[in-house]
Amino acid sequence: QVQLVESGGGLVQPGGSLRLSCAASGSFFSINAMGWYRQAPGKQRDLVARISSGGRTKYADSVKGRFTISRDNGKNTVYLQMNSLKPEDTAIYSCNAGVVTGGYAMDYWGKGTLVTVSL
């Protein structure tokens, strides 16, 4: 059984920073791309950032220049450094990973962590 567990969410003032982490655990062969998505109240879940196993990154336009995604393959962990946070960044942030087990890859999701940007 593969699990993704996020941490690092919380309340931060506008202009502040937070660092999210997502660690994969369980029995698997390897992890392909990993990413962060977010869902604000009443809105659909959208991609925030993704990173391939080789380190290639992709960002939503709304976070370019403010957020940085990275991963530690040895720790099976993906990070999201969020700087210059805005109230519109408030959302539940969920981790996603393409995990290879038994010869094929499946998408796994974490339960999410709440980020609130407010005075």
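About the cut-offs
Residues numbered from 1 in each chain as written. Predicted model: local features only at pLDDT ≥ 70, side-chain atom pairs only at ≥ 80, totals over all residues. Heavy atoms only, no water. Helix = DSSP H or I, 4+ residues; strand = E, 2+ residues; numbered from the N terminus. Polar contact = N/O pair within 3.5 Å; in protein donor to acceptor, adjacent residues only side chain to side chain. Contact = heavy atoms within 4.5 Å. Disulfide = S-S within 2.5 Å. Buried < 20%, exposed > 50% of the residue type's maximum accessible area, 1.4 Å probe, protein only.

1. A word on the side chain of Asn96
The topology assignment puts Asn96 in strand 9 (residues 91-101). Polar side-chain contacts of Asn96 include one of 3.0 Å to the side chain of Arg50. Sequence-distant contacts of Asn96, that is, excluding residues within four places in its chain, are made with Leu4, Ala33, Met34, Gly35, Tyr37, Arg50, Asp107, Tyr108 and Trp109.

2. Let's talk about the state of the cysteines
What the rule picks out here adds up to one disulfide. The disulfide bridge from Cys22 ends at Cys95, spanning 2.1 Å between sulfur atoms. Between Cys22 and Cys95 the sulfur-sulfur dihedral comes to about -80°; the bridge is accordingly left-handed. Linking Cys22 in strand 3 (residues 18-25) with Cys95 in strand 9, this pair joins segments that are 73 residues apart in sequence. When its relative accessible area of 0% is taken as the criterion, Cys95 is described as buried.

3. A word on the environment of Ser17
With respect to the helices and strands, Ser17 occurs in the loop between strand 2 (10-12) and strand 3. Since its relative accessible area comes to 39%, Ser17 is described here as partly exposed. Each C-alpha atom of the pair Ser17 and Gln81 lies 7.5 Å from the other, and the pair is 64 residues apart in sequence. Those residues in contact with Ser17 that lie beyond four places of it in its chain are Val12, Gln81, Met82, Asn83, Ser84 and Leu85. Within the structure, Ser17 has its side chain in polar contact with the side chain of Asn83 (distance 2.9 Å).

Worth remembering: the numbers are spatial, not functional.
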